[in-house]
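One letter stands for each residue in the lines below.
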Amino acid sequence: MALLHTMIRVKDIEKSLDFYTNLFGMKIAEKRRLDDCWLYFLEDEQSGYQIELTYNDETPQEGYVIGSGFGHFAFGVESMNEFSKKLNDFGYKYLYEPFDLTGKGSSIAFIQDPDGYEIEIIEKVQW
């Protein structure tokens, strides 16, 4: 058994594609049309894991309500400093600024994608 992907609904497909492909370097692995929506499968080339962005033909004007059961995605970065610069260059800001989680140099931070889904950024150090 293998975990293949996680699906989220998005309000503005162009903003979401820009966010995940340019900020995180994910690649569009597949684009598929269904009767009432477009599906975009974005793949992390390092792990092979995919996020499916579903863009419905009839999208609520205010976007989607993110349920209280969803927590966040998590992405690992080599350098929190380099990621912070990239984040600023793309005009995004932290929801929670980077902080040392373990006291040993590993830091985490949180951002939000264009639809408000939370994303944890993790910089791990070797112990």
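Residues numbered from 1 in each chain as written. Predicted model: local features only at pLDDT ≥ 70, side-chain atom pairs only at ≥ 80, totals over all residues. Heavy atoms only, no water.

1. A few points about the pattern of salt bridges
The criterion, for reference: Here, a salt bridge means any side-chain nitrogen of Lys or Arg that lies within 4 Å of a carboxyl oxygen of Asp or Glu. When accessible area is computed with a 1.4 Å probe and restricted to protein chains, residues below 20% of their type maximum are described as buried, those above 50% as exposed, and intermediate ones as partly exposed. Put simply, DSSP marks the helices as runs of H or I at least four residues long and the strands as runs of E at least two long, and each gets a number from the N terminus on.
Counted according to the given criterion, the structure contains 3 salt bridges. Of the charged contacts in the structure, one is a salt bridge between Glu30 and Arg32, with a shortest N-O distance of 2.4 Å. Classification of Arg32 as partly exposed rests on a relative accessible area of 36%. The partner of Arg33 in a salt bridge is Asp57, and the shortest N-O contact between them spans 2.6 Å. Note that Arg33 is positioned in strand E2 (residues 27-33) and Asp57 in the loop between strand E4 (50-56) and strand E5 (73-76), a separation of 24 residues in sequence. In this structure Arg33 comes out as partly exposed when scored by relative accessible area, which is 37%.

2. What to know about the sheet that holds E5
Short version of the rule: One bridge is not enough; two strands pair if DSSP finds at least two bridges between them. Angles here are taken between N-to-C directions and fall from 0 to 180 degrees, while the axes themselves are lines fitted to C-alpha atoms, restricted in helices to the stretch in contact. Any two residues whose heavy atoms approach within 4.5 Å are treated as being in contact.
One open sheet accounts for 4 strands, arranged E5-E8-E7-E6; its pairing is mixed. At either end of the open sheet lies a strand with only one pairing partner, and these are E5 and strand E6 (96-100). Recorded for the sheet is a direction-independent mean angle of 20° between the axes of neighbouring strands. Pairing geometry for E6 and strand E7 (residues 107-112), over 3 bridges, is antiparallel. Within the sheet, the bridge partner assigned to Asp100 lies in E7 and is Ser107. Here helix H1 (residues 13-23) sits on the sheet and contacts E5, E7 and strand E8 (118-123); the angle it forms with E7, its principal contact strand, is near 155°. Of the strands in this sheet, E6, E7 and E8 touch helix H2 (residues 80-89), which is tilted by about 15° from E7.

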